[in-house]
Amino acid sequence: MKKLGDNANVSLIDATVFISDLHLCASRPHITTTFLQFLKNWALQAKALYILGDLFEYWAGDDDIDDDHFQPIIDAFNALSNAGVSIYFMHGNRDFLVADAFCKAASITLLPDPTLIDLYGKRTILSHGDDLCTDDVAYQEFRRQVRDKKWQSDFLSKPLHLRKQQIEAIRLRSEQEKSQKSAQIMDVNQTAVNALLATHDYPELLIHGHTHRPYQHQIQLNGHTITRWVLGDWYEQGSYLFCNQDGCKSVGL
Ligand code: LP5
Ligand code: MN
């Protein structure tokens, strides 16, 4: 296996790896350790790594970049990038405030949600997935508010410690409200999925996270067969979707 730093004579396997919903935070150091090992070992074998949102438990703004917890993660991303692996990141509902300073420091490329890519000849839509949970009306209202650029610039103008306090309050409220919502409300809405697929002229694959319900769904839609891959979260165990020219498979760590 290729080792970080000695990439000169080793060619990367033509594979692409997808992850999401790691929810990295200082209070769960074992997940960060698993992730750093994943970057040093499995991700290093790929040509590209896509992180489809919720890399962090929350992101209060790029001025939090100096927090001790983030430095080993940033270092590991840079080592991976230096080894020739392209790293892409898409915002999740918890880390949508990740901005250019973090991306630059970590050598990652920020992608819009959704993004269409060519995955070994298969047209593939990538998304975090929260936008597809349209039955969760309270969440969608909250989402509209916090994704507003003016709201974000007001929020980011507050001192970091105040932002963190507000985020803690929202997290508490979110956990309370989630306990009252049905599993169905917090899943993707099939009409929203179908609309996304139709808008992108029926790609062969849709890959997303957010719902924490890893599965491979087959969708028949207007004469098209589409595979919807749902990525797993990393709360109990790390996992990733490994894709190459032979197809995709879900792998547990
Ligand atoms: O993340 P997950 O899967 O546990 O839950 C989500 C939805 N919850 C959220 C909130 C985040 O988990 C925690 C906050 C992240 C911090 C972001 C940083 C910047 C924002 C700063 C805000 C001050 O996304 C949850 C969904 C669930 O997914 C499944 O899809 O149900 O949604 C909620 O629970 C939201 C509640 O239903 C509504 C919350 C209303 C809060 C109103 C406060 C308004 C004030 C806004 C700004 C101060
Ligand atoms: Mn999410």
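Structural data are supplied above this passage.
Note that the structure is a prediction, hence the values are computed from the model and not measured. (Residues numbered from 1 in each chain as written. Chains lettered and ligands numbered in written order. Predicted model: local features only at pLDDT ≥ 70, side-chain atom pairs only at ≥ 80, totals over all residues. Heavy atoms only, no water.)

One side chain can pair with another of opposite charge once the charged atoms of both are near each other. Enumeration according to the criterion identifies 16 salt bridges in this entry. In this structure, the salt-bridge partner of Arg94 is Glu57, at a minimum N-O distance of 3.1 Å. With Arg94 in the loop between strand S3 (86–90) and helix H3 (100–106) and Glu57 in the loop between strand S2 (48–51) and helix H2 (71–82), the pair connects residues that are 37 residues apart, well separated along the chain. Taking the relative accessible area as the measure of exposure, Glu57 reaches 6% and is therefore buried. Residues Asp63 and Arg163 are paired through a salt bridge, measuring 2.7 Å at the closest nitrogen-oxygen approach. (Salt bridge = Lys/Arg side-chain N within 4 Å of Asp/Glu carboxyl O. Helix = DSSP H or I, 4+ residues; strand = E, 2+ residues; numbered from the N terminus. Buried < 20%, exposed > 50% of the residue type's maximum accessible area, 1.4 Å probe, protein only.)

With the rule as written, the count across this model stands at 14 aromatic pairs. Taking 5.5 Å as the distance between ring centres and 85° as the angle between the ring planes, the aromatic pair formed by Phe56 and Phe102 counts as edge-to-face. You can see Phe56 sitting in the loop between S2 and H2 and its partner Phe102 sitting in helix H3, a full 46 residues away along the chain. Under the relative-accessibility criterion, Phe56 is labelled buried at 0%. (Phe/Tyr/Trp six-rings, centres within 6.5 Å; stacked < 30°, edge-to-face > 60°.)

On to the environment of Lys178, then. Its place among the elements puts Lys178 in helix H6 (residues 160–178). Here the alpha-carbon distance between Lys178 and Gly92, two residues 86 residues apart in the chain, equals 17 Å.

Applying the stated rule across the entire model yields one disulfide. With its sulfur 2.2 Å from that of its partner, Cys243 forms a disulfide with Cys248. On the sign convention where negative is left-handed, the bridge of Cys243 and Cys248, at about 110° about the S-S bond, is right-handed. Judged by relative accessible area, Cys243 falls into the buried class, the value being 0%. Relative accessible area serves as the criterion here: at 22%, Cys248 is assigned to the partly exposed category. Unpaired in this structure, Cys25 has its nearest cysteine sulfur neighbour in Cys103, at a distance of 20 Å. We classify Cys103 as buried; its relative accessible area is 5%. (Disulfide = S-S within 2.5 Å.)

Next up on the list: the coordination of the manganese ion (ligand 2). For a metal with four donors in a tetrahedral arrangement, the ideal angle between donors is 109.5 degrees, while six donors in an octahedron ideally sit at 90 or 180 degrees. Coordination of the manganese ion (ligand 2) by the protein is provided by Asp54 (OD), Asn93 (OD1), His128 (NE2) and His210 (ND1), with metal-donor distances spanning 2.0 to 2.2 Å. On the primary sequence, the residues serving as donors to the manganese ion (ligand 2) are separated as D-x38-N-x34-H-x81-H. In this pair, Asp54 sits in the loop between S2 and H2 while Asn93 sits in the loop between S3 and H3, placing the two residues 39 residues apart along the sequence. Per residue, the accessibility class of Asp54 equals that of Asn93, and both read buried. (Donors = N, O, S within 2.8 Å, 3.2 Å for Na, K, Ca; no water.)

This part covers the sheet that holds strand S8 (residues 215–221). Read across the sheet, five strands follow the order S5-S6-S7-S9-S8 without closing on themselves; strand pairing throughout is mixed. Sheet topology places strand S5 (115–119) and S8 at the edges, where each strand pairs with a single neighbour. Taking each pair of neighbouring strands and ignoring which way they run, the sheet shows an average axis angle of 25°. Bridge count between strand S6 (residues 122–127) and strand S7 (residues 205–208): four bridges; the pairing is parallel. Each residue of the ladder has a partner; that of Ile125, found in S7, is Leu206. Sitting on the sheet, helix H7 (residues 190–199) touches S6, S7, S8 and strand S9 (224–230), and the angle it makes with S8 is about 70°. (Pairing = 2+ DSSP bridges. Axes fitted to C-alpha atoms, helices over the stretch in contact; angles between N-to-C directions. Contact = heavy atoms within 4.5 Å.)

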